[in-house]
2 protein chains.
Amino acid sequence: MEFAKNQQNSWYENKEQLLVAVDCIIFGFDKEILKLLVFKREIQPLKGSWSLIGSFVRRNENSNQAGMRILKDITGLENIFMDELKTYSEVDRDPGARCISIAQYALIRIDDNNKELVNKHGAFWYSLDELPELVLDHNQMVKDALEKLREKARFSPIGFELLPKYFTLPQIQTLYEQIFQKKLDSRNFRKKLLSLNFLKKTEIKDKSSSKKGAYLYEFDYEKETDQNFIFKG
Amino acid sequence: MEFAKNQQNSWYENKEQLLVAVDCIIFGFDKEILKLLVFKREIQPLKGSWSLIGSFVRRNENSNQAGMRILKDITGLENIFMDELKTYSEVDRDPGARCISIAQYALIRIDDNNKELVNKHGAFWYSLDELPELVLDHNQMVKDALEKLREKARFSPIGFELLPKYFTLPQIQTLYEQIFQKKLDSRNFRKKLLSLNFLKKTEIKDKSSSKKGAYLYEFDYEKETDQNFIFKG
DNA sequence: AATAATAAATGTAATTATTACATTTATTAT
DNA sequence: ATAATAAATGTAATAATTACATTTATTATT
């Protein structure tokens, strides 16, 4: 067995072995709605059910690399924001094998570039409040990921991974409203956000959703000093 | 091989397998100093070096149960606060095997009950700023755990897992000072802490560290509503 | 050309939280 | 009685958060 050949110390041999997978909770925001990328599962058991996308971790990669590999396969994108959520290791979580999963959540900008690729993989962007039942413990993973996203959004300017390069203040407010799942006061929201000084205003207006038009902003990466950013929702 | 017998689906068979371990970052506070429990490693490679305590995850337990099993073995305690930190899965992290580790951090009260047991396992409580070099990526785990502890302390009343049932305000202030690694103003610290309303004052004084004596408090679990606790250090 | 409709942009006062800062108090040992 | 020690306490200034309603820029319609 290939595995055994690599062993250098007898103490490690014959230990109980588990399969190690990663599953990706992929969030996207299409300028209006926070969505999640889900897939038609292509393997037994539960073939045909909705599922997060995952893969086993290979011996020559770490868990983050495994997640990045999956993301690239599906969206064609590299350099996506991705962070570990937590591991799921219940004994019975997967009826097919004793398999733990290291869940990773990713934030991507939904745009036309990756729509095609995504379709090829039997994938679908679901609005978070219309999410179907997913296999195994994947619904729990999504729930946990959303909570983590909320935590993260409270303490760092998270939205920029999800927004296009140029975005309007109403757009980012909508995003935060969806993350926190409540309406925010636009005066207070803008005051807080602008006081943090990491938004650069342009003179261009986006008139796609109002007659007056809303100014486009971009994120000023130089100013993203973690200066006590606490967003109280 | 025992592993193969348990497989139900051919698709899972012959996948690359990794060993899965847990390592425990065990914090303790002896009323003065924040400490970490480290061990003389009993296995090759690196036998005799300082190390966190760990174990492989067994097929009939989840990662949390594995951590709890280790903690009970060593301290004799059950119901210890323990939470997942993150996984460590670098390809080369362990020269002995392709092994990922799910790091868990635990908070315990150092007291005489468990001192004996701890000694039996070649364990030693090190002050955090005198920590020796540990094997593998264990120093990194400690660093990450301390950061997580700090994060956690900012947003929830963490200290009570580390403090004895009855403790004084100077004691808890010292603990927070060690977690945040800076001096805190006692007037502001007490004001903030008491305003959160989850401390119950007793009329008993602890005179072990001053002539005047400091009142003992206990944690009021009923009032631990997560009411916007943000401790700005 | 005037008007209606729409969403974007804006300000202020009241409340609450945070910070900076020094003295008094209770007790024990001398 | 006094000295020594650490614990306990208050206040004023500043900053952050909240609650709340009107005006503005533009396009489409008449």
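Since this is a predicted model, take the numbers as computed values, not measurements.

## So, the protein's contact with DNA strand C
Of all residues adjacent to DNA strand C, which total 21 residues, the nearest are R187, R190 and K191 of chain A together with K191 and K212 of chain B. Take the atoms of DNA strand C that sit within 4 Å of the protein: sugar and phosphate atoms are 48% of them. With respect to DNA strand C, the side chain of R187 of chain B contributes an N or O atom lying 3.2 Å from a base nitrogen. Backbone polar atom of K211 of chain B to a sugar or linking oxygen of DNA strand C: 3.4 Å apart, as the coordinates give it. Taken together, the elements giving at least two residues each to the surface near DNA strand C come down to α6 (186-195) and β10 (214-219) of chain A together with α6 (186-195) of chain B.

## Observations regarding the sheet that holds strand β9 (residues 199-206) of chain A
Residues and elements named next belong to chain A. Read across the sheet, three strands follow the order β8-β10-β9 without closing on themselves; strand pairing throughout is antiparallel. Strand pairing shows two members of the sheet lacking a second neighbour, β8 (167-168) and β9, which therefore form its edges. With five bridges joining them, β9 and β10 adopt antiparallel strand pairing. Across the sheet, L199 pairs through a bridge with F219, a residue of β10.

## Looking at a negative patch on the surface
A surface patch of like charges, here negative, comprises E147 and E151 of chain A together with E147 and E151 of chain B. Where the negative patch is concerned, the elements lending two or more residues are α4 (138-155) of chain A together with α4 (138-155) of chain B. Relative to the elements of secondary structure, E147 of chain B occurs in helix α4.

## Remarks on the environment of F229 of chain B
Residue and element names in this part refer to chain B. Looking at the element boundaries, F229 is found in the segment after β10 (214-219). Between the alpha carbons of F229 and K152 there is a distance of 10 Å; along the sequence they are 77 residues apart. Those residues within four positions of F229 in sequence are excluded, and the remaining contacts are A153, R154, F155, S156, P157, Y176, L196 and F198.

## Details of the domain arrangement of chain A
All names here are of chain A. For chain A, the assigned domains are domain 1 (2-154) and domain 2 (159-223). Domain 1 and domain 2 are separated by 29 Å when their C-alpha centres are compared. Contact residues are listed per partner, giving 16 residues for domain 1 and 15 residues for domain 2. Counting the surface lost from both domain 1 and domain 2, the interface buries some 1,400 Å², and carbon and sulfur atoms represent 64% of this. In terms of surface lost to domain 2, no three residues of domain 1 exceed F29, R109 and R150, which account for 42% of the buried area on that side. Of all the secondary-structure elements, those providing two or more residues to the side of domain 1 that touches domain 2 are β1 (19-29), β6 (99-109) and α4. Sorting elements by how many residues they give to the side of domain 1 that touches domain 2 places α4 first, with five residues.

## Section: unusual backbone geometry
Residue and element names in this part refer to chain A. In this structure, N197 is a non-glycine residue whose phi angle is positive, near 65 degrees. With respect to the helices, strands and loops of the structure, N197 is situated in the loop between α6 and β9. On the basis of relative accessible area, N197 is assigned to the partly exposed category, the value being 48%.

## Points about the protein's contact with DNA strand D
The immediate surroundings of DNA strand D are formed by 22 residues, with R187 and K191 of chain A together with R187, R190 and K191 of chain B found nearest. A distance of 3.2 Å separates a base nitrogen of DNA strand D from a polar side-chain atom of R187 of chain A. Here the surface near DNA strand D is built from residues that sort into four nonpolar, five polar and 13 charged.

## Remarks on the sheet that holds strand β8 (residues 167-168) of chain B
Strands sit in the order β8-β10-β9 (chain B) across an open sheet of three strands; the sheet is antiparallel. Each of the sheet's edge strands pairs with one partner strand only, and the pair in question is β8 and β9 (199-206) of chain B.

Parameters and conventions
- Residues numbered from 1 in each chain as written.
- Chains lettered and ligands numbered in written order.
- Predicted model: local features only at pLDDT ≥ 70, side-chain atom pairs only at ≥ 80, totals over all residues.
- Heavy atoms only, no water.
- Near = heavy atom within 4 Å.
- Polar contact = N/O pair within 3.5 Å; in protein donor to acceptor, adjacent residues only side chain to side chain.
- Helix = DSSP H or I, 4+ residues; strand = E, 2+ residues; numbered from the N terminus.
- Pairing = 2+ DSSP bridges.
- Patch = residues over 30% accessible without salt bridge, like charges linked within 9 Å, V, L, I, M, F, W, Y side chains within 5 Å.
- Areas by Shrake-Rupley, 256 points an atom, 1.4 Å probe, with all protein chains shown as cover.
- Salt bridge = Lys/Arg side-chain N within 4 Å of Asp/Glu carboxyl O.
- Lys, Arg positive; Asp, Glu negative; His and termini not counted.
- Charge placed at Lys NZ, Arg CZ, Asp CG, Glu CD.
- Contact = heavy atoms within 4.5 Å.
- Domains from an automatic or database assignment.
- Buried area = accessible area lost by both parts, 1.4 Å probe.
- Buried < 20%, exposed > 50% of the residue type's maximum accessible area, 1.4 Å probe, protein only.
- Nonpolar A, V, L, I, M, F, W, Y, C, P; charged D, E, K, R; others polar.

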